Amino acid sequence: STRLPCAFSALAIEKSTDHALAVITRQRTALFNLLQQHRRERPSPSIDAAGSPSALAAVLVTDALVVRAEADLRWLDLCESRLMSAPPASARKDPA
């Protein structure tokens, strides 16, 4: 699936930062592919102007899929950035 559950970071990071970064890379690749697919399948803007409710609905659904994939990609960028700036696991203190 191209959806990344919020628990991803906790699960992937517990294994290692490298593992989490590898998961992010795989997820980013899948999302880029999905985004390209949605953009190729996006109905023409002229359909918007046709006034057909079903045509407008198709455009809006595709727009929502594109925007969601873009948001997920930005979130992955943020995760990667935070992982890269976090102290190494050996420097973190256990909350015991």
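Residues numbered from 1 in each chain as written. Predicted model: local features only at pLDDT ≥ 70, side-chain atom pairs only at ≥ 80, totals over all residues. Heavy atoms only, no water.

Trainee: Teacher, can you tell me more about the overall build of the chain here?
Mentor: Tallying secondary structure elements over the chain gives 4 helices and 0 strands in all. Per-residue burial over the chain gives 23% buried out of 96 residues. Here the contacts in the chain between residues at least 6 apart in sequence split such that 71% fall between residues at least 24 apart. With the model as given, the accessible surface of the chain reaches about 6700 Å², and the carbon-plus-sulfur share is 60%. (Helix = DSSP H or I, 4+ residues; strand = E, 2+ residues; numbered from the N terminus. Buried < 20%, exposed > 50% of the residue type's maximum accessible area, 1.4 Å probe, protein only. Contact = heavy atoms within 4.5 Å. Areas by Shrake-Rupley, 256 points an atom, 1.4 Å probe, with all protein chains shown as cover.)

Trainee: Just checking my understanding: could you explain the pattern of salt bridges for this structure?
Mentor: It is possible for side chains of opposite charge to pair when their charged atoms get near one another. Overall, the coordinates contain 4 salt bridges when judged by the stated rule. Between Arg 39 and Glu 70 there is a salt bridge, and its shortest N-O distance comes to 2.5 Å. Remark: Glu 70 occurs in helix α4 (residues 53-85) and Arg 39 occurs in helix α2 (residues 17-41); sequence separation between them is 31 residues. Judged by relative accessible area, Glu 70 falls into the partly exposed class, the value being 25%. In this structure, a network of salt bridges that share partners links the residues Arg 28, Asp 77 and Glu 80. (Salt bridge = Lys/Arg side-chain N within 4 Å of Asp/Glu carboxyl O.)

Trainee: Help me out: how do you make sense of the nonpolar core in this one?
Mentor: Side chains that are nonpolar tend, in soluble globular proteins, to be buried together. Ile 24, Leu 31, Leu 35 and Leu 83 are the most contacted members of the largest nonpolar core, which has 13 residues in total. Broken down by secondary-structure element, the contributors of at least two residues to this core are α2 and α4. Contacts of Leu 35, omitting those with residues within four sequence positions, involve Val 66, Ala 69, Glu 70 and Leu 73. (Core = buried A, V, L, I, M, F, W, Y, C linked by side-chain atoms within 4.5 Å.)

Trainee: Help me out: how do you make sense of α2 in this one?
Mentor: Residue pairs spaced three or four apart in an α-helix point in one direction, given the helix's 3.6 residues per turn. Under the 1.5 Å per step criterion, the end-to-end length of α2 is 36 Å for 25 residues, consistent within 8% with the ideal 36 Å. Every buried residue of α2 is accounted for by Ala 20, Leu 21, Val 23, Ile 24, Gln 27, Arg 28, Leu 31, Leu 35 and His 38. (Expected span 1.5 Å × (residues − 1).)

Trainee: Please clarify how the confidence of the model for the chain should be interpreted in this entry.
Mentor: Detailed reading of predicted coordinates is not advised where the pLDDT is low. Predicted confidence across the chain gives a mean pLDDT of 79, with 73% of residues reaching 70 or more. The secondary-structure element of the chain with the lowest mean pLDDT is helix α3 (residues 45-49), recorded at 58, while α2 shows the highest, at 90. (pLDDT = per-residue confidence, 0-100.)

Trainee: Explanation requested: α4 in the structure shown.
Mentor: Here α4 is 33 residues long and its end C-alpha atoms lie 48 Å apart, about the 48 Å a rise of 1.5 Å per residue gives. For α4, every residue scored as buried is listed here: Ala 55, Val 59, Thr 62, Val 66, Ala 69, Asp 72, Leu 73, Leu 76, Cys 79 and Leu 83.

Trainee: Got a minute to help me understand the packing of α2 against α4 in this structure?
Mentor: A pair of packed helices is captured by two measures, namely the crossing angle of their axes and the spacing between those axes. At a closest axis distance of 9 Å, the pairing of α2 and α4 adopts a crossing angle of 160°. One element, α2, and the other, α4, form an angle in the roughly antiparallel class. The interaxial crossing formed by α2 with α4 has left-handed handedness. A class-by-class count of the residues in the contact of α2 with α4 yields 14 nonpolar, 4 polar and 6 charged. (Axes fitted to C-alpha atoms, helices over the stretch in contact; angles between N-to-C directions. Parallel < 35°, antiparallel > 145°, perpendicular 65-115°, else oblique. Left-handed = near helix turned anticlockwise from the far one by under 90°. Nonpolar A, V, L, I, M, F, W, Y, C, P; charged D, E, K, R; others polar.)

Trainee: Can you walk me through the environment of Arg 39 in this structure?
Mentor: Of the residues examined, Arg 39 reaches a relative accessible area of 43% and is grouped as partly exposed. For the pair Arg 39 and Leu 65, spaced 26 residues apart in sequence, the C-alpha separation works out to 9.3 Å. Setting aside its immediate chain neighbours within four residues, Arg 39 contacts Val 66 and Glu 70.

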